[in-house]
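Below, each chain spelled out in residue letters.
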Amino acid sequence: MAVPMYGHYPVIRSVIEASALAKWISEPTDQAERLRRSFSARVADLNEDRALHEEAMKSAALFGGMDTSVLKRGDESFKEGDTKARRLIRELCGEQGISWSRVNQGLPGYATIIRAVGGAGEIPGNYAASVWRIISGLSHPSASRATRYSAIEVLGESDHGVMNARLSASMQWTQAATLLAISLTFDALGSVERRLDTMHPRRDSAFGPIPST
């Protein structure tokens, strides 16, 4: 089986991040805390949407050849929707007695999230965060990280001490990250299923008996 040099790292990284976030949101036994985390994730999405919109507006203004009035209407429409969404979240926080100031901070970094929930199976959270950071580093163009965490085969050395080597994907880190991604995915699916089944439990579950919460 041929393994790409870098192409698989961003995919595995995305799976780790998505499953860790789902588990982080659904894991607390306290419903208010689950809501707070869910609202925080939504605010983080809104922040990213706002940043993307601002960049898109700059690009459209410089290179889009669009009429100024059209750009203005699009900008106003986006800002109206953004304000409405934030206002709704804040109102829900007030109804549920959840701190808006904490929600408005958005999400902690993914290293923190993965460290908190990364104990998937026998995988310790600190180890999970380290694997994620390595895979994240390999997902970006970096000569130093690619050299440090890839498989290196020394082919020879010149008279001046210059090494000739072949780099290939690290099967060690690929395997570790894949196992982490799979474990976190099943953990996240199981956690979400337990929350969904709290009020209306099903007879059978793909993840075994559903404990009471």
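Before going further, it helps to spend a moment on the overall build of the protein chain. Helices and strands together make up the secondary structure of the protein chain, namely eight helices and two strands. Out of the 213 residues belonging to the protein chain, those deemed buried represent 33%. Pairs at least 24 residues apart make up 61% of the contacts formed inside the protein chain by residues separated by at least 6 positions. Accessible surface, the protein chain: about 13500 Å² in total, of which carbon and sulfur atoms supply 55%.

When pLDDT is averaged along the protein chain, the result is 85, and 89% of the positions lie at 70 or above. Summarising per-element confidence for the protein chain, the mean pLDDT is lowest in strand 2 (residues 163-168) (77) and highest in helix 4 (residues 100-103) (95).

Our focus in this paragraph is helix 8 (residues 171-196). The end-to-end C-alpha distance of helix 8 is 37 Å, a good match for the 38 Å that 26 residues give at a rise of 1.5 Å each. Of the residues making up helix 8, those classed as buried are Trp-173, Thr-174, Ala-176, Ala-177, Leu-180, Ala-181, Leu-184, Ala-188, Gly-190, Ser-191, Glu-193 and Arg-195. Check the buried side of helix 8 and you find it contacts helix 1 (8-26), helix 2 (31-63), helix 5 (110-117), helix 6 (125-139) and helix 7 (143-149).

Glancing now at the nonpolar core. Within the largest apolar cluster, 25 residues are counted, with the highest numbers of intra-cluster contacts made by Ile-16, Ile-114, Val-131 and Leu-180. Looking at this core, the elements with two or more residues in it are helix 1, helix 5, helix 6 and helix 8. With seven residues, the top contributor of residues to this core is helix 6. For Ile-16, the contacting residues outside a window of four places in its chain are Ile-114, Trp-132, Ala-177, Leu-180, Ala-181 and Leu-184. If you look at the next biggest cluster of nonpolar residues, it comprises nine residues, including Phe-39, Ala-85, Ile-98 and Trp-100.

What follows is about the packing of helix 6 against helix 8. Put simply, helix 6 and helix 8 touch, their axes get as near as 10 Å, and they point 125° apart. In terms of orientation, helix 6 and helix 8 fall into the oblique class. When the axes of helix 6 and helix 8 are compared, the crossing they make is left-handed. Counted together, Tyr-127, Ala-128, Val-131, Ile-134 and Ile-135 of helix 6 and Trp-173, Ala-176, Ala-177 and Leu-180 of helix 8 form the full contact between these two elements. Looking at the contact of helix 6 with helix 8, its residues break down into nine nonpolar, no polar and no charged.

Thresholds applied
- For every chain, the first residue of the written sequence is number 1, and numbering continues from 1 along that sequence.
- At least 70 in pLDDT is required for a residue's local features to be given in this predicted model, at least 80 for side-chain atom pairs to be given and counted, and no such filter applies to totals for whole chains, interfaces and linings, which use all residues.
- Hydrogens are left out, water is left out, and the side-chain values use all remaining heavy atoms of the structure.
- Segments assigned H or I by DSSP are reported as helices when at least four residues long, segments assigned E as strands when at least two residues long, and all are numbered from the N terminus.
- Under the scheme applied here, a residue whose accessible area is under 20% of the maximum for its type counts as buried, over 50% as exposed, and between as partly exposed, the area being computed with a 1.4 Å probe on protein chains only.
- Here a residue-residue contact requires only that any non-hydrogen atoms of the pair lie within 4.5 Å.
- Calculation of accessible area relied on Shrake-Rupley with a 1.4 Å probe; when residues are assessed, cover is drawn exclusively from the protein chains displayed.
- Residue-level confidence of the predictor is what pLDDT reports, using numbers from 0 through 100.
- What a helix is expected to span follows from its residue count: subtract one and scale by 1.5 Å.
- The nonpolar core is taken to be a set of buried Ala, Val, Leu, Ile, Met, Phe, Trp, Tyr and Cys residues, with the residues joined through side-chain atoms within 4.5 Å.
- Only the stretch in contact is used when fitting a helix axis, every axis being a line fitted to C-alpha atoms; angles between N-to-C directions are given from 0 to 180 degrees.
- Note that the term roughly parallel is reserved for angles under 35 degrees, roughly antiparallel for angles over 145, roughly perpendicular for angles of 65 to 115, and oblique for everything else.
- The crossing is said to be left-handed when, going from far helix to near helix, the turn is anticlockwise and less than a right angle, and right-handed when the turn is clockwise.
- For this classification, the nonpolar set comprises Ala, Val, Leu, Ile, Met, Phe, Trp, Tyr, Cys and Pro, the charged set comprises Asp, Glu, Lys and Arg, and every other residue, Gly included, is treated as polar.

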